[in-house]
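Commentary on secondary and tertiary structure
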Amino acid sequence: MKTGKLWGVGLGPGDPELMTVKAARLISEADVIAYHCARHGRSIARSVAEPYLREGQVEERLMYPVTTEGTDHPGGYEGAIAEFYELSAKRLAEHLDAGRDVVVLCEGDPFFFGSYMYMHERLCDRYEAEAVPGVTSVSAASAVLGKPLVQRDEVLTILPGTLPAPELARRLADTQAAAVMKLGRTFGSVREALAESGRLDEAYYVERATWPNQRVEPFADVDPSTVPYFSLALVPSPAYASRKEPAAEPAEVAAEGGEVVVVGLGPAGPEWLTPEASSALAEAEHIVGYGPYVAKVPQRAGQVRHASGNRVEADRARHALSLAASGARVAVVSSGDPGVFAMASAVLEQAASLEEPVRVRVIPGVTAASAAAARVGAPLGHDYCVLSLSDRLKPWDVIERRLDAAGAADLVVALYNPASRTRTEQLVRARDVLLRHRAVETPVVVARDVGGPEESVTVTSLGEFDPSVVDMRCLVIVGSSRTRVTHGQVWTPRSY
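Keep in mind the model is a prediction, meaning the values are calculated, not measured.

1. Focus: the domain arrangement of the protein
In terms of domain boundaries, the protein breaks down into domain 1 (6-134), domain 2 (138-242), domain 3 (259-341 + 350-361) and domain 4 (369-491). The centre of domain 1, based on its C-alpha atoms, is set 57 Å off from the matching centre of domain 4.

2. Brief notes about the sheet that holds strand 21 (residues 474-478)
Across the sheet, which stays open at both edges, the 5 strands sit in the order 17-18-21-19-20 with mixed pairing between neighbours. Either end of the sheet is taken by a strand with one partner, and the two such strands are strand 17 (384-388) and strand 20 (456-461). Within the sheet, the average angular offset between the axes of one strand and its neighbour, ignoring direction, is 15 degrees. Bridge analysis of strand 18 (residues 412-416) against strand 21 gives 3 bridges, and the strand direction is antiparallel. Pairing of leucine 415 across the sheet is with valine 476, part of strand 21. Packing against the sheet, helix 14 (residues 396-408) makes contact with strand 17 and strand 18, and its axis sits at approximately 165 degrees to strand 17.

3. Thoughts on the pattern of salt bridges
Throughout the structure, instances matching the rule amount to 28 salt bridges. Among the salt bridges present, the one from arginine 122 reaches glutamate 86, with a minimum N-O distance of 3.0 Å. Placement of arginine 122 in helix 4 (residues 116-123) and of glutamate 86 in helix 3 (residues 76-97) is noted, with a sequence separation of 36 residues between them. Assessed through its relative accessible area of 39%, glutamate 86 is described here as partly exposed. For glutamate 313, the salt bridge identified is with arginine 392, shortest N-O distance 3.3 Å. Pair noted here: glutamate 313 is in helix 11 (residues 313-325) and arginine 392 is in the loop between strand 17 and helix 14, with a separation of 79 residues, a long-range link. Residue classification places glutamate 313 among the partly exposed residues on the basis of a relative accessible area of 23%. In this structure arginine 392 comes out as partly exposed when scored by relative accessible area, which is 40%.

4. A look at the packing of aromatic side chains
In total, this model carries 13 aromatic pairs according to the counting rule given. An angle of 35 degrees between the planes, with centres 6.1 Å apart, marks the rings of tryptophan 211 and phenylalanine 230 as tilted. Pair noted here: tryptophan 211 is in the loop between strand 8 (204-207) and strand 9 (215-218) and phenylalanine 230 is in the loop between strand 9 and strand 10 (231-235), with a separation of 19 residues, a long-range link. Look at tryptophan 211 and you get buried, because its relative accessible area is 18%. Pairwise contacts between aromatic rings join Tyr64, Phe84, Tyr85 and Tyr118 into one cluster.

5. Remarks on the sheet that holds strand 9
Strands sit in the order 6-7-10-8-9 across an open sheet of 5 strands; the sheet is mixed. Either end of the sheet is taken by a strand with one partner, and the two such strands are strand 6 (156-160) and strand 9. Here the strands of the sheet are splayed against their neighbours by 20 degrees on average, with no regard to which way each runs. One ladder, built from 5 bridges, connects strand 6 with strand 7 (residues 177-181); its direction is parallel. What sits directly across from leucine 159, in strand 7, is valine 180. Together, strand 6, strand 7, strand 8, strand 9 and strand 10 form the strand contacts of helix 5 (residues 137-145), whose direction differs from that of strand 10 by roughly 65 degrees. Of the strands in this sheet, strand 6 and strand 7 are in contact with helix 6 (residues 165-173), which crosses strand 6 at around 170 degrees.

6. A short note on a nonpolar patch on the surface
Residues Phe341, Tyr384 and Val386 make up a contiguous nonpolar surface patch of about 270 Å² in total accessible area. Take tyrosine 384: it is sitting in strand 17. With relative accessibility at 39%, the residue tyrosine 384 sits in the partly exposed group.

7. With respect to the state of the cysteines
According to the stated counting rule, one finds 0 disulfides in the structure shown. Distance from the sulfur of cysteine 37, which forms no disulfide, to the nearest cysteine sulfur (cysteine 106) is 14 Å. The class for cysteine 37 is buried, based on a relative accessible area of 3%. Cysteine cysteine 385 remains unbridged, with the sulfur of cysteine 474 as its closest cysteine sulfur at 19 Å.

8. A closer look at helix 11
For helix 11, spanning 13 residues, the distance from its first C-alpha to its last is 18 Å, which sits close to the expected 18 Å at 1.5 Å a residue. Residues Arg316, Ala317, Ala320, Leu321, Leu323 and Ala324 constitute the buried set of helix 11. Projected down its long axis, helix 11 carries its buried residues within an arc of 160 degrees, all on one side. In the core, the buried residues of helix 11 are packed alongside strand 11 (259-264), strand 12 (286-290), strand 13 (304-308), strand 14 (329-334), helix 12 (343-352) and strand 15 (359-363). With its phi angle positive at about 105 degrees, glycine 327 sits one or two positions after the end of helix 11.

9. A word on the packing of helix 11 against helix 12
As a packed pair, helix 11 and helix 12 sit with axes 9 Å apart at the nearest point and diverge in direction by 60 degrees. For the crossing formed where helix 11 meets helix 12, the hand is right-handed. Here helix 11 contributes Glu313, Ala314, Arg316, Ala317, Arg318 and Leu321 to the contact with helix 12, which in turn contributes Met343, Ala346, Val347, Gln350 and Ala351. Of the residues assigned to the contact of helix 11 with helix 12, the class counts are 7 nonpolar, 1 polar and 3 charged.

10. Details of the pairing of strand 10
Of all 5 residues that make up strand 10, 5 are buried, and the element is covered over most of its length. Burial along strand 10 is two-sided: the face carrying Ser231, Ala233 and Val235 and the face carrying Leu232 and Leu234 are both buried. As paired elements, strand 7 and strand 10 share 3 bridges and run antiparallel to each other. Bridged to alanine 178 within strand 10 is valine 235.

11. Describing the UniProt feature "domain: Tetrapyrrole methylase" (unreviewed entry) in the protein
When the UniProt feature table is mapped to this numbering, "domain: Tetrapyrrole methylase" (unreviewed entry) covers residues 5-217 and 260-465. This span, residues 260-465, is 33% helix and 24% strand, and a straight line between its end C-alpha atoms measures 42 Å.

12. Digging into the environment of alanine 331
Along the chain, the position of alanine 331 falls in strand 14. Taking relative accessible area as the criterion, alanine 331 reaches 1% and is therefore assigned buried. When the C-alpha positions of alanine 331 and glutamate 259 are compared, they lie 8.4 Å apart, and in sequence the two are 72 residues distant. Discounting chain neighbours no more than four positions away, the residues touching alanine 331 are Val261, Val263, Leu281, Ala284, His286, Ile287 and Val288.

Calculation criteria
Residues numbered from 1 in each chain as written. Predicted model: local features only at pLDDT ≥ 70, side-chain atom pairs only at ≥ 80, totals over all residues. Heavy atoms only, no water. Domains from an automatic or database assignment. Pairing = 2+ DSSP bridges. Helix = DSSP H or I, 4+ residues; strand = E, 2+ residues; numbered from the N terminus. Axes fitted to C-alpha atoms, helices over the stretch in contact; angles between N-to-C directions. Contact = heavy atoms within 4.5 Å. Salt bridge = Lys/Arg side-chain N within 4 Å of Asp/Glu carboxyl O. Buried < 20%, exposed > 50% of the residue type's maximum accessible area, 1.4 Å probe, protein only. Phe/Tyr/Trp six-rings, centres within 6.5 Å; stacked < 30°, edge-to-face > 60°. Patch = residues over 30% accessible without salt bridge, like charges linked within 9 Å, V, L, I, M, F, W, Y side chains within 5 Å. Areas by Shrake-Rupley, 256 points an atom, 1.4 Å probe, with all protein chains shown as cover. Disulfide = S-S within 2.5 Å. Expected span 1.5 Å × (residues − 1). Arc of directions from axis to C-beta. Left-handed = near helix turned anticlockwise from the far one by under 90°. Nonpolar A, V, L, I, M, F, W, Y, C, P; charged D, E, K, R; others polar. UniProt positions renumbered as here; feature names shortened; annotations may be inferred.

Structure (C-alpha cells):
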C-alpha cells in the first residue's frame, strides 16, 4: 500500500490572508491536520488555518508535556522534549502508513525556528516529506514597522534571545541589521545586549506582527512585564535610517587629537590579557582588527567595531589611522604580541607615509612562543630565534637561509605560521634544513590552540616529527643541541 505524504506547511506570521495559495490548498485537501500546542490545548497555528479546514479531517493535537520551567523526567527538559517528539512522530507515522497525507501546521516558516523540523528529521527518511515556506515573523515585523531590513551590501543577522547577553552584544555590534527572536523571559538580557552594543536607540519592539492586536514601539520604551513570547527585536537597515533621519551632530574632536593603540590580546582568552591592554580596550571608541580577534574583545556601550579579513593588514592600518586623524581613540587588536608577525609593524609602516603624523602606541601581549614554551617547561631558556614559515610576504629562499643560519648557530627555533591548507611543503623543508645541523633526537614541541578549547601539546623528536599533523593554529619549537627532556618537561639550560 502506498504511504501518505508529510507536509510541513508554513502559515505565515498570523494574518490568514498572508498564507500562500499552496498552503491553503494543502490544508483543505489533507486527510490529517496536525498541530503543536501548549498544555492549555489552544493552538495559534490551528486558529490561523481554521478558514481553510473542512469537515471530516482528522486532527492530531500534539500537546507539549512540559515547559522550560522543569520536569520530573529523568533526562530533564531535553529528555522530556525528545521523548515527546518521538511519540508525536510515531502518531503521525501511523497515519502515513495507512496512506493518509498529513499536514503539520507551523506558524511562520517550517524551517525557521519552526516545530515542524523535529517531525521532519524523524520521518523524512521513511516517507515523502516536503516543507512549504511561509512568510517569517522577521519579514512581517519589517513590513508593519515600515522600514527595510537590509539593502545593498548590508548584513542581516538573526539571533535567538536565549544567547548570553555578552555573546548577543558581540554579534549585534558586528552586523548592520539584526532580528532577535524568542523574547518573553529573555527580554531583559536582550535589552542589556542592545545597550552594550550601542544599538538600543536603533532597535524596535514588534509584537504579534500582522495580528489585530499587533504592537510596535521603540525597544527602549517597552515594559518588560508586558512582553510575550511572540515578539521580537528588530534593528533595521542603518543605511535607510541614515537617509530618513536627521544626521547627528559631528563629534567634537579631542583637543589633543586621536590615537591608535595597537593591543596584544595574548594567545587565547581574557585570562591572557594584561591589565594595560584591558584598559586600552575599555577606553577605545573604535575596535579595529581581524574578525576572530575583534570577537574576543568584550563589547562596551558606544564602541564601534570594524572587523575585516585576514589578508588586508594595510587597509586595516590605514582605516585605523584615518579614524585617529579625525580625533578618535582607536584600538587595533592582534593575537599574541602585536609586534611579533602582527599589526604593530603594519600600522607603523602606514603611519610613516602620512604627511600629518598620528600618534601610535604599542601595548605588548603574551606571545604564542612564550605560551607554548610555558606549557612544556622552558625550551626558550637560552638563546633562541623566531621565524615565520609563511612565504606570502618574503620569498622562500630568504626563509631557508635564515633557517640554515639558525641551525648552524645552534639556536632554539620557534616556527610561526608553520603550515596551512595550501602551504604544506615548507615545514617538511624546514625540518630537513634543521636536520643538517641537529641530531634526530633533538626535542620538538608542537603546540596547538594554546589556551583555547582545542589545546594540545605534543613533545616529539626532530627525527620522528610528522609535519602533516601541523596547521596554522600550531606553533612549533625545535630545540638546540643543549635542549633536554626530563620528567616530561622540555628545557634548555642557560649555560654551555
